[in-house]
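Okay, here's what each chain looks like letter by letter:
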Amino acid sequence: MVPNIVMAIRARYEVKVNFNHLMESKFLKRKCKAHNSSCYYIPAGNVRATQGENVHLTMVCRNCGLREDIFLSKEEYNTQQRLIHKEIGNV
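Another point: the environment of arginine 62. Residue position: arginine 62 is located in the loop between strand E2 (54-61) and strand E3 (67-73). Distance from arginine 62 to alanine 34, taken between C-alpha atoms, is 9.7 Å for residues 28 residues apart in sequence.

Structural data, given as structure tokens:
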């Protein structure tokens with residue numbers, strides 16, 4: 001059964017951008033509980049700055065609702081900033 005939050009995300013999710021390249025390989029090796037393939041992660045929630053010029057993002061699988069926290073360097077975040085903010089606006 002898919003959680004309600006995932007249903008809401010999927011209903012409003014129109015952009016076909018895959019953010020899996022931002023995830024560590026250990027997260028990508030897990031199987032998605034909804035489709036028995038790798039999870040399809042999208043950014044959700046607030047973007048927060050941390051010490052050492054890093055950025056914290058919460059990523060959620062749009063299929064099964066699994067949440068993971070990731071940290072990006074300042075350079076990685078600046079490269080993806082527009083796409084991340086556009087996606088968070090859709091969620």
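Ordered in space as E1-E2-E3, the three strands form an open sheet in which the pairing is antiparallel. Lying at the two open borders of the sheet, with one neighbouring strand each, are strand E1 (41-50) and E3. Strand after strand, the sheet turns through a mean of 25° between neighbouring axes, direction not considered. The pairing of E1 with E2 spans seven bridges and is antiparallel. Bridge pairing in E2 places isoleucine 42 opposite valine 60.

Cut-off values and rules
Residues numbered from 1 in each chain as written. Predicted model: local features only at pLDDT ≥ 70, side-chain atom pairs only at ≥ 80, totals over all residues. Heavy atoms only, no water. Helix = DSSP H or I, 4+ residues; strand = E, 2+ residues; numbered from the N terminus. Pairing = 2+ DSSP bridges. Axes fitted to C-alpha atoms, helices over the stretch in contact; angles between N-to-C directions.

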